[in-house]
Amino acid sequence: MEVDIMVRPVQLLSKIILLILLMTGCNHRRNAKIIVSASNLTFVNNLAQYKGVAFSGKAFKLHENNRDTLFTRNYLRGKKNGIWEKFYVSGDIKERRKYKNGKKSGKYIGYYEGEIKAFEYNFLNGEYNGRHHVWNRDGVVIRISNYKNGYELGEQKIWDENGEIVSNYIIKNGRRFGLLGKKNCVNASENIIY
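Parameters at a glance
- Once a new chain begins, its residue numbering starts again from 1 and follows that chain's sequence as written.
- The predicted nature of this model means local features are confined to residues of pLDDT at least 70 and side-chain atom pairs, given and counted, to a pLDDT of 80 or more, with totals for whole chains, interfaces and linings taken over all residues.
- The basis for the side-chain values is all heavy atoms of the structure; hydrogens and waters are excluded.
- Put simply, DSSP H or I for four residues or longer makes a helix, DSSP E for two residues or longer makes a strand, and each gets a number counted from the N terminus.
- When accessible area is computed with a 1.4 Å probe and restricted to protein chains, residues below 20% of their type maximum are described as buried, those above 50% as exposed, and intermediate ones as partly exposed.
- Note on definitions: a residue-residue contact is assigned when non-hydrogen atoms from the two residues lie within 4.5 Å.
- Only the protein chains shown count as cover for residues, and the accessible areas themselves come from Shrake-Rupley with a 1.4 Å probe.
- Joining through side-chain atoms within 4.5 Å is the link that ties buried Ala, Val, Leu, Ile, Met, Phe, Trp, Tyr and Cys residues into a set, and such a set is a nonpolar core.
- A pairing counts as a salt bridge when a side-chain nitrogen of Lys or Arg comes within 4 Å of a carboxyl oxygen of Asp or Glu.

With respect to the overall build of the protein chain
Counting secondary structure elements, the protein chain contains one helix and 18 strands. Counting all 194 residues of the protein chain, 26% fall into the buried class. Contacts spanning at least 24 positions in sequence make up 8% of the contacts within the protein chain whose residues lie at least 6 apart. When the accessible area of the protein chain is evaluated, it comes to approximately 14,300 Å², of which 55% is carbon and sulfur surface.

Some remarks on the nonpolar core
Val36, Ala38, Leu41, Ala48, Phe55, Ala59, Phe71, Tyr75, Trp84 and Tyr99 form the largest nonpolar core, which has 10 residues in total. Residues in contact with Tyr99, not counting those within four places in the same chain, are Lys80, Asn81, Gly82, Trp84, Lys104 and Ser105. With eight residues, the next largest nonpolar core counts Tyr112, Phe119, Phe123 and Ile142 among its residues.

Details of the pattern of salt bridges
For the structure shown, the criterion picks out six salt bridges. Here Glu95 and Lys86 are joined by a salt bridge, their closest N and O atoms 3.9 Å apart. Classification of Glu95 as buried rests on a relative accessible area of 17%. Residue class for Lys86 comes out partly exposed when judged on its relative accessible area of 35%. Note that Glu155 and Lys157 form a salt bridge whose closest N and O atoms lie 3.4 Å from each other. By relative accessible area, which is 29% here, Glu155 ends up partly exposed.

Structure, rendered in structure tokens:
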């Protein structure tokens, strides 16, 4: 009888260890990062699929020279999720944005070639949110705008390439106040034919 009592805890312990190994093995495979060419993905109802199953992993596209990466995209259960990047053929970053559960989220930054910042937008739940900037190739700000939940709110300014203000207004309580655009003024007497 004593042998029988000792065997049961050992058998129980082995079954527990086997169960743990099986569970961690399954989790390891499920969390593995799959990297595929974007051309191997199909889309059904706006969800990425790989071999008929909702795709979780990273997709990429190579330049026609098959050496340079043009973009990388991350998905989770078929939805856009994580960092998406685009590159110039030179290898310089062109755009970097983030998605969370299929929606635009956080900073979306674009660059001119040479990694000079071109724009920076902010998103929350797929909508414009926060301060946005746009720069020209010389690094001079040519637009500042503010958004909340996808709508303009607060200060909005646009400059032309010479640094002259083109538009300067504020959105407050759903109303617009200020200069909406630049118009060249013409003296009325110049248009009169004598």
